[in-house]
Amino acid sequence: MSTTEQSGTAPRPSASVEVLRPDDPALGPTAFVVGCANFEAVHRDKAATLAKMRGVIDRAAAAGVELLVFPELALNSWSDCPDCAAHHAPCDWHRGQAELADGPAAASIGERAARHGMHVIYGFEERDPDRSSVIYNSANVVAPDGLVGTYRKLHLGIPLETDRFTPGDALPVFETALGPIGISICYDFYNNPELSRVLCLKGARLLVNPTGRSDLPRARENLEHATLIRAQENLVFAASANRVGSSHGTPGSATTWAGGSVIAGPKSPGFGVVHARAGEAEALVTARIDFTDYSQWCDWLPWRQWRTGEQAAITTLVADELAALGRRSPS
């Protein structure tokens, strides 16, 4: 048995895989303007909500925004549903509200995106094209030339979300004219940091978090902290867009959303900064993100190159440990 086999370690890789730095112009523009909407949907009125979203897109365009992010399920009413809970499945009303990823809402928002030369990311209830009883908590990425793709939330809250939604089964990075973008939705982003790490290893240089964060004590502070940490630990920018208002929910149990949409990122020298933050009311916050702002960090801590080169064995070890945990039977 070799020394390597006895120690349980893998051979050291001979060379690092070539990985582009986030500030490499080959990935896209080195700077652009991001906007996040503190947004309140019109309760149980999708048409009115869509019209409101189009208005926000127009205002964002006037402010020079090139990528606009709406919250989780921005297009829809987002609250508890006694009918979904009673049957542990989406009720008839929610199935009726859901639409295909390339459905009417995508076309409507796409028309505004094309008009303004803007990218838009928004949350919505997506109907499965092959199974009418299945809906997803999804986010669409819309470019000026049409729908880029759709992310389906992986980590669903139990039972509020699992009574209605089916989890997704993919972790895509969306290639856009603004560069590669990774999306995590709410709980995906806050409590499951391995998703952000994988997205960034796959090339994402901007993490987007459409979220529905309720107004618990210190909710906005936590949203800001989590967004800044995801940005700093992955050396990317991160943007979180949250819901606001208290018009959703059943009588006596309406949810109040915390707002606090935020845009953050690393900055050299030193650690990350918050570039824009919102309060508790409806608002649009914007920031110009510049990937050269943290070029020194890319030199000091080229973690992507290390993870696929000198530390590739550790990357494999972590992946194997997670796979083993996933194979364990529930206790």
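Residues numbered from 1 in each chain as written. Predicted model: local features only at pLDDT ≥ 70, side-chain atom pairs only at ≥ 80, totals over all residues. Heavy atoms only, no water.

## Observations regarding the sheet that holds strand 2 (residues 67–69)
Here is step 1 of the chain: The six strands are arranged 5-4-3-2-1-14 in an open sheet whose pairing can be described as mixed. The open sheet terminates on both sides in strands that have one partner only, identified here as strand 5 (146–152) and strand 14 (283–290). In this sheet, adjacent strand axes meet at a mean angle of 30° when their direction is disregarded.
Here is step 2 of the chain: Taken together, the three bridges between strand 2 and strand 3 (residues 119–127) define a ladder with parallel strand orientation. Paired with Val 69 across the strands is Ile 121, a residue of strand 3. (Pairing = 2+ DSSP bridges. Helix = DSSP H or I, 4+ residues; strand = E, 2+ residues; numbered from the N terminus. Axes fitted to C-alpha atoms, helices over the stretch in contact; angles between N-to-C directions.)

## Section: the layout of surface pockets
Where empty space is left in the structure can be found by rolling a water-sized probe over the atoms.
Here is step 1 of the chain: In this structure, the largest pocket spans a volume of roughly 320 Å³.
Here is step 2 of the chain: Forming the boundary of the largest pocket are 17 residues, of which Glu 161, Cys 186, Gly 212, Ser 214 and Trp 257 lie nearest the centre.
Here is step 3 of the chain: Residue assignment for the lining of the largest pocket shows that the elements contributing at least two residues are helix 6 (187–190) and strand 11 (255–258).
Here is step 4 of the chain: In this structure, the second largest pocket spans a volume of roughly 240 Å³.
Here is step 5 of the chain: Around the second largest pocket, the lining residues are Glu 194, Arg 197, Val 198, Leu 201, Arg 307, Thr 315, Val 318, Ala 319 and Leu 322.
Here is step 6 of the chain: Residue classes in the lining of the second largest pocket are distributed as five nonpolar, one polar and three charged. (1 Å grid on protein atoms, 1.4 Å probe; cavity = no way out; pocket = protein on both sides within 12 Å on 5 of 7 lines; lining within 4 Å. Points joined across faces, edges and corners; volume = space filled by probe spheres on them. Nonpolar A, V, L, I, M, F, W, Y, C, P; charged D, E, K, R; others polar.)

## Describing the pairing of strand 9 (residues 237–242)
Here is step 1 of the chain: The buried fraction of strand 9 amounts to six of the six residues, a majority that puts the element mostly inside the structure.
Here is step 2 of the chain: Sheet topology note: the strand 8 (residues 206–211)/strand 9 ladder contains six bridges and is parallel. Paired with Leu 206 across the strands is Phe 237, a residue of strand 9.
Here is step 3 of the chain: Handedness of the strand 8-helix 8 (residues 219–234)-strand 9 crossover: right-handed.
Here is step 4 of the chain: As defined by bridge partners, strand 9 adjoins strand 12 (residues 262–265) across three bridges and the pair is classed as antiparallel. Across the sheet, residue Ser 240 finds its bridge partner in strand 12, namely Val 262. (Buried < 20%, exposed > 50% of the residue type's maximum accessible area, 1.4 Å probe, protein only. Right-handed = clockwise from strand over helix to strand, strands pointing away.)

## So, the confidence of the model for the chain
Here is step 1 of the chain: In this model, the chain carries an average pLDDT of 91, and 92% of its residues clear a pLDDT of 70 or more.
Here is step 2 of the chain: When mean pLDDT is compared element by element in the chain, strand 2 scores highest at 99, while helix 1 (residues 3–7) scores lowest at 34.
Here is step 3 of the chain: Ignoring residues within four places in sequence, the model shows residues 1–16, a span with pLDDT below 50, making 14 contacts including any to other chains. (pLDDT = per-residue confidence, 0-100. Contact = heavy atoms within 4.5 Å.)

## Here's the deal with the packing of aromatic side chains
Here is step 1 of the chain: One pass over the full model with this rule turns up ten aromatic pairs.
Here is step 2 of the chain: A cation sits over an aromatic face here: Lys 52 above Phe 39, 5.4 Å from the ring centre. (Phe/Tyr/Trp six-rings, centres within 6.5 Å; stacked < 30°, edge-to-face > 60°. Lys NZ or Arg CZ within 6 Å of the ring centre and 35° of its normal.)

## So, unusual backbone geometry
Here is step 1 of the chain: With omega at 0°, the peptide bond leading from Ile 158 into Pro 159 counts as cis.
Here is step 2 of the chain: Even without being a glycine, His 88 presents a positive backbone phi close to 50°.
Here is step 3 of the chain: Of note in this structure, Leu 235 is not a glycine but carries a positive phi near 55°.
Here is step 4 of the chain: Here Leu 235 is to be found in the loop between helix 8 and strand 9.

## Some remarks on the pattern of salt bridges
Here is step 1 of the chain: Applying the stated criterion across every chain, the model contains 20 salt bridges.
Here is step 2 of the chain: We note a salt bridge from Lys 46 to Glu 99, for which the minimum N-O separation is 2.9 Å. With Lys 46 in helix 2 (residues 46–62) and Glu 99 in the loop between helix 4 (92–97) and helix 5 (104–116), this residue pair connects regions lying 53 residues apart in the sequence.
Here is step 3 of the chain: For Glu 99, a relative accessible area of 9% gives the class buried.
Here is step 4 of the chain: When the shortest N-O distance is used, the salt bridge between Glu 111 and Arg 54 registers 3.3 Å. Here Glu 111 is found in helix 5, whereas its partner Arg 54 is found in helix 2, with 57 residues between them in sequence. (Salt bridge = Lys/Arg side-chain N within 4 Å of Asp/Glu carboxyl O.)

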